[in-house]
Every structure is written in structure tokens, then in C-alpha cells.
Amino acid sequence: MNQGDELNVAEANNINEQEMMQYIADKTKASQANIALVLKHEQAYINKAHENAKGNDVDIDGDDLADYILSRKDVKLDELAVESILDAEMDYLMDKGHAGYID
């Protein structure tokens, strides 16, 4: 499963982070701290992918992203919890028109 990273900087500034965090918490029952930790590592992964892409489109593989997050020493969550948070975030972004999947 590939997740297309179609979120640009202008759109990112329009995302209500508190609303998104609450949406993810409601769907996953994860703590705000765990959600913030997963999203922090996700952003680092995406930023690195953008650097390596050198201006080209970036295709983020969801499995690779989850593996990266799980490999971080400060992440004590299991794979299901991380994937649930990422899926809920993507649902929120898609509902708001900020992201989508690419086949």
C-alpha cells in the first residue's frame, strides 16, 4: 500500500492540529502523548524523503513508514497501534481534502 504524500506547505498550515489529534484519539483510543510521538517521527521520515527526492514527487510507503516509527527507541507502541494512528491521521487528512492515496 502506497500513501501518496500530496500535502503541501500551504495546506499543512490550514490543518487544525488539535482537531486532528482529537480525531485520532477518538478513533484509536491512543493517548495524546503517543499520537504526538508517532506524528513527530512520521514528519521526520517525510521530511527526509522530501530531501532525498530533490524536488520530485514523494511516494511514502505506509509499511516502510510504520517500520521506521517502530524502530525509534522512544516508541514503545506495537505495530497495530502505530498503524492505527497513521490510518486515523490519513482518514482525517482525506476527510479535510489535504491528502489522498495513489495507486
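Rules used throughout
- Residues numbered from 1 in each chain as written.
- Predicted model: local features only at pLDDT ≥ 70, side-chain atom pairs only at ≥ 80, totals over all residues.
- Heavy atoms only, no water.
- Helix = DSSP H or I, 4+ residues; strand = E, 2+ residues; numbered from the N terminus.
- Buried < 20%, exposed > 50% of the residue type's maximum accessible area, 1.4 Å probe, protein only.
- Contact = heavy atoms within 4.5 Å.
- Areas by Shrake-Rupley, 256 points an atom, 1.4 Å probe, with all protein chains shown as cover.
- pLDDT = per-residue confidence, 0-100.
- Axes fitted to C-alpha atoms, helices over the stretch in contact; angles between N-to-C directions.
- Parallel < 35°, antiparallel > 145°, perpendicular 65-115°, else oblique.
- Nonpolar A, V, L, I, M, F, W, Y, C, P; charged D, E, K, R; others polar.
- Phe/Tyr/Trp six-rings, centres within 6.5 Å; stacked < 30°, edge-to-face > 60°.
- Lys NZ or Arg CZ within 6 Å of the ring centre and 35° of its normal.

## A look at the overall build of the protein chain
Scanning the protein chain from terminus to terminus reveals five helices and three strands. For the protein chain, the succession of helices and strands along the chain, N to C, is β-α-α-α-β-α-α-β. Across the 103 residues in the protein chain, those meeting the buried criterion constitute 35%. At a minimum sequence separation of 6, the contacts of the protein chain that also span at least 24 residues come to 64%. In the structure as shown, the protein chain presents an accessible area of about 6,400 Å², 47% of it carried by carbon and sulfur atoms.

## Some thoughts on the confidence of the model for the protein chain
With 83% of its residues at a pLDDT of 70 or more, the protein chain has an overall mean of 85. Taken together, the stretch residues 1-12 has pLDDT below 50 and engages in 31 contacts with residues farther than four places along the chain or on a different chain.

## Here's the deal with the packing of helix H3 (residues 32-53) against helix H5 (residues 79-95)
Taken N-terminus to C-terminus, the directions of H3 and H5 make an angle of 75°; their axes are 10 Å apart at the nearest point. Classed by the angle they form, the pair H3 and H5 counts as roughly perpendicular. In this structure, H3 uses Asn34, Ile35, Val38, Leu39 and Glu42 to contact H5, whose residues at the interface are Val82, Ile85, Leu86 and Glu89. Of the residues belonging to the contact of H3 with H5, the class tally is six nonpolar, one polar and two charged.

## Some points on the packing of aromatic side chains
Taken as a whole and assessed by the stated rule, the structure comprises two aromatic pairs. Aromatic pair tyrosine 45 and tyrosine 68: ring centres 5.1 Å apart, planes at 50°, arrangement tilted. Here tyrosine 45, found in helix H3, pairs with tyrosine 68, found in helix H4 (residues 62-71); they are 23 residues apart in sequence, far enough to count as distant. If you follow arginine 72 out to its NZ or CZ, it ends over the ring of tyrosine 68, 4.2 Å from the centre.

## A word on unusual backbone geometry
With a phi close to 65°, lysine 29 is a non-glycine residue in the positive phi region. By the secondary structure assignment, lysine 29 is in the loop between helix H2 (17-28) and H3.

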